[in-house]
Amino acid sequence: MIREQRRHPRVPVSIDGRWRGPNTGSLCKLTNLSLGGCFARTLSTPAVNEPALVTVYLGRGMMEFPGRVVRVEPGVGFGLQFGEMGSETRHQLGQQITQIGRQAAARGPG
């Protein structure tokens, strides 16, 4: 049995964005999002433990999420654990996640 290690619930999303690392960057699409991190689909992936910055347009504006790469699926994408973020950014992200979750629940399964 796999033990869930996440502290924050994830919501499935489809959000276009861009990521940048120390040596490279690329377009990406976030496929899940939580207060603790995200998964970014992209063909060009950074290395595990590398710092990265993911930028997306969410809600009314641009949001940037700095963090550390915790998982890489070559040719698919990477998991990013968010680093420190200001209380306002964290609050806005929490509101967006709640709204996305409510919209998904209203649509129902499938």
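Before going into details, it helps to say that this report is about the structure given with it. Counting from 1, residues in each chain are numbered in the order their sequence is written. Restriction of local features to residues with pLDDT of at least 70 applies here, the model being predicted, together with a cutoff of 80 or more for giving and counting side-chain atom pairs; totals for whole chains, interfaces and linings are based on all residues. Working from all heavy atoms in the structure, the side-chain values ignore hydrogens and water.

## Considering the nonpolar core
Point 1. With 23 residues, the main nonpolar core has Leu30, Leu33, Leu58, Leu80, Phe82 and Leu93 as its most contacted residues.
Point 2. A run of H or I in DSSP counts as a helix once it spans at least four residues, and a run of E counts as a strand once it spans at least two, with each numbered from the N terminus. Those elements giving two or more residues to this core turn out to be β1 (11-20), β2 (25-33), β3 (37-41), β4 (51-58), β5 (61-73), β6 (77-82) and α1 (87-107).
Point 3. Contacts were defined at the residue level, with two residues in contact if any of their heavy atoms lie within 4.5 Å. If near-sequence neighbours (up to four positions away) are discounted, Phe82 is found in contact with Leu33, Ser34, Leu35, Gly36, Gly37, Cys38, Phe65, Pro66, Gly67 and Leu93. Residue types Ala, Val, Leu, Ile, Met, Phe, Trp, Tyr and Cys, when buried and joined through side-chain atoms within 4.5 Å, form a set referred to as a nonpolar core. Each residue is placed in one exposure class: buried if its accessible area under a 1.4 Å probe, protein chains only, is under 20% of its type's maximum, exposed if it is over 50%, and partly exposed if it falls in between.

## Looking at the sheet that holds β6
Point 1. The strand order around the closed barrel built from 6 strands is β1-β2-β3-β6-β5-β4, with neighbouring strands paired in antiparallel fashion. The sheet shows a mean angle of 45° between the axes of neighbouring strands, taken without regard to direction.
Point 2. Two strands are said to pair when DSSP picks up at least two bridges between them. Of the strand pairs in this sheet, β2 and β3 are connected by 4 bridges, and their pairing is antiparallel. For Asn32, the partnering residue across the bridge sits in β3 and is Phe39. Convention adopted: a line fitted to C-alpha atoms gives each axis, helices being fitted over their contacting stretch, and angles between N-to-C directions are expressed from 0 to 180 degrees.

## Let's talk about unusual backbone geometry
Point 1. Here Asn49, not a glycine, exhibits a phi torsion of approximately 75°, which is positive.
Point 2. When you line up the elements, Asn49 lands in the loop between β3 and β4.

## Some remarks on the pattern of salt bridges
Point 1. Each reported salt bridge corresponds to a side-chain nitrogen of Lys or Arg within 4 Å of a carboxyl oxygen of Asp or Glu. With the rule as written, the count across this model stands at 2 salt bridges.
Point 2. Between Asp16 and Lys29 there is a salt bridge whose closest N-O contact spans 2.7 Å. One end of the pair, Asp16, is in strand β1; the other, Lys29, is in strand β2, with 13 residues separating them in the sequence.
Point 3. Of the charged contacts in the structure, one is a salt bridge between Glu73 and Arg71, with a shortest N-O distance of 2.8 Å.

## Brief notes about the pairing of β4
Point 1. Across the 8 residues that make up β4, a large majority, 6, are buried.
Point 2. Note that β1 and β4 share 4 bridges and pair antiparallel. Bridge assignment links Trp19 to a residue of β4, and that residue is Val54.
Point 3. The pairing of β4 with β5 spans 8 bridges and is antiparallel. Bridge pairing in β5 places Pro51 opposite Arg68.
Point 4. A loop of 2 residues connects β4 with β5, the two strands running antiparallel in sequence, and Gly59 in this loop sits at a positive phi of about 70°.

## Some details on the environment of Gly77
Point 1. Take Gly77: it is sitting in strand β6.
Point 2. In sequence terms Gly77 and Ala40 are 37 residues apart; their C-alpha atoms lie 5.4 Å from each other.
Point 3. Here Gly77 is in contact with Phe39, Ala40, Arg41, Thr42, Thr45, Arg71 and Val72, once residues within four sequence places are set aside.

## Observations concerning the side chain of Thr55
Point 1. Mapped onto the elements of the fold, Thr55 is located in strand β4.
Point 2. Here Thr55 falls in the buried class, since its relative accessible area comes to 15%.
Point 3. Non-local contacts of Thr55, meaning those with residues more than four positions away in its chain, are made with Gly17, Arg18, Arg20, Met62, Met63 and Glu64.

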